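Analysis of the macromolecular model
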Amino acid sequence: MFRRVLSNTGRLGFAPVISKSHFINVRYMSSEIKNAIDQAVAATPVVLFMKGTPEFPQCGFSRATIQTLGQQGVDPAKFAAYNVLEDPELRDGIKEYSQWPTIPQLYVNKEFIGGCDIITNMAKSGELAELLEANDVLIPLEEEEVQEPESANVKPSERS
């Protein structure tokens, strides 16, 4: 679905000339892949494009990112992960979509946050917790019911 551009005609979609004898080869994401990524990013508040699955990550960076999101308490109902290893067009397309060269890639409410290093640094500084809380994507804390202690209904034993 990606096309390689070999000449410059001055119209949109073609590579610019570097010099009279050199051209840049540029890949363009198909509208089908762009639409699929748009839909994926909009489907849930937290979206991770990764190598493998959350249960079986296929690279250390994807594993570290999944672990970090779990430690932060991301609500599974508000999370989706996409395995880029299943689709080469998705793998290349997501890099172009975000203009970020590596995977994994994290999106929160349609906004690209970053890759593993950024997520790790944000977690260490507390920024990730703030971001996730501000976007209401954490597992809700159950309110602990405060029960008033019941008064003991103890009567002194009667002596006869």
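Up top you'll find the structure we're talking about.
I will try to describe carefully the structure that is included in this document. (Residues numbered from 1 in each chain as written. Predicted model: local features only at pLDDT ≥ 70, side-chain atom pairs only at ≥ 80, totals over all residues. Heavy atoms only, no water.)

1. Side note on the overall build of the chain
As a reminder, the rule being used: Only DSSP runs of H or I reaching four residues or more are called helices, and only runs of E reaching two or more are called strands; each is numbered from the N terminus. Only protein chains enter the accessibility calculation, which uses a 1.4 Å probe; a residue whose area is less than 20% of its type maximum is buried, one above 50% is exposed, and one in between is partly exposed. All accessible areas in this document rest on Shrake-Rupley with a 1.4 Å probe, and a residue is counted as covered only by the protein chains that are shown.
Helix and strand counts for the chain stand at 5 helices and 8 strands. Of the regular secondary structure in the chain, the N- to C-terminal order runs β-β-β-β-α-β-α-β-α-β-β-α-α. Buried positions account for 31% of the 160 residues belonging to the chain. In the form shown here, the chain has an accessible surface area of approximately 11,200 Å², with 50% of it arising from carbon and sulfur atoms.

2. As for the side chain of Ser98
What counts here: Residues adjacent in sequence count toward polar contacts only when both atoms are side-chain atoms; beyond that, a polar contact is any pair of N or O atoms within 3.5 Å, and within protein one must be able to donate a hydrogen and the other to accept it. Throughout, a residue-residue contact means that at least one pair of heavy atoms, one from each residue, lies within 4.5 Å.
On the secondary structure map, Ser98 appears in helix H3 (residues 88-98). Ser98 sits in the buried class, given a relative accessible area of 14%. Within the local environment of Ser98, its side chain forms a polar contact with the backbone oxygen of Ile94, the two atoms lying 3.0 Å apart. At a separation of 3.2 Å, a polar atom in the side chain of Ser98 contacts the main-chain amide nitrogen of Trp100. Apart from the residues lying within four places of it in its own chain, the contact partners of Ser98 are Gln105, Tyr107 and Phe112.

3. Overview of the packing of aromatic side chains
Condition: Classification of ring pairs rests on two measures: the distance between centres of Phe, Tyr or Trp rings, Trp counted by its six-membered ring, which must be within 6.5 Å, and the angle between planes, read as stacked under 30 degrees, edge-to-face over 60 and tilted in between.
By the definition in use, this model includes 5 aromatic pairs. Taking the centre distance of 5.3 Å and the plane angle of 50 degrees together, the rings of Tyr107 and Phe112 count as tilted. For Phe112, a relative accessible area of 22% gives the class partly exposed. A connected cluster of aromatic rings, assembled from ring pairs, spans Phe49, Tyr82, Tyr97, Trp100, Tyr107 and Phe112.

4. What about the environment of Leu90?
Summarising the element assignment, Leu90 is placed in helix H3. If we ignore the near neighbours within four places in the chain, the residues touching Leu90 are Ile33, Ile37, Phe49, Tyr82, Asn83 and Val84.

5. Side note on the nonpolar core
As a reminder of what qualifies: Take the buried residues of types Ala, Val, Leu, Ile, Met, Phe, Trp, Tyr and Cys, join any two whose side-chain atoms come within 4.5 Å, and each joined set is a nonpolar core.
Within the largest apolar cluster, 15 residues are counted, with the highest numbers of intra-cluster contacts made by Leu48, Leu106, Val108, Ile113, Leu128, Leu131 and Leu132. Put simply, the parts of the chain that give this core at least two residues each are strand S5 (46-50), helix H2 (60-72), strand S7 (105-108), helix H4 (116-125) and helix H5 (127-134). Val41, Phe49, Leu90 and Tyr107 belong to the second-largest nonpolar core, a separate cluster that totals 12 residues.

6. A closer look at the side chain of Thr44
Tracing the chain through its elements places Thr44 in the loop between helix H1 (31-43) and S5. Taking relative accessible area as the criterion, Thr44 reaches 16% and is therefore assigned buried. Dropping the residues within four chain positions of it, Thr44 is found in contact with Lys78, Phe79 and Ala80.

7. Quick look at the pattern of salt bridges
Once their charged atoms are close, side chains differing in charge can pair, the charge on each being opposite to the other. We apply this condition: Each reported salt bridge corresponds to a side-chain nitrogen of Lys or Arg within 4 Å of a carboxyl oxygen of Asp or Glu.
One pass over the full model with this rule turns up 2 salt bridges. Notably, a salt bridge pairs Lys34 with Asp38, separated by 2.9 Å at the nearest N-O pair. Separated by 4 residues within a single helix, Lys34 and Asp38 lie in helix H1, roughly one turn from each other. With a shortest N-O distance of 3.6 Å, Lys78 and Asp136 are connected by a salt bridge. Taken together, the residues span a long stretch of sequence, with Lys78 in the loop between H2 and strand S6 (79-83) and Asp136 in the segment after H5 at a distance of 58 residues.

Everything listed is a geometric property; what it means functionally is a separate question.
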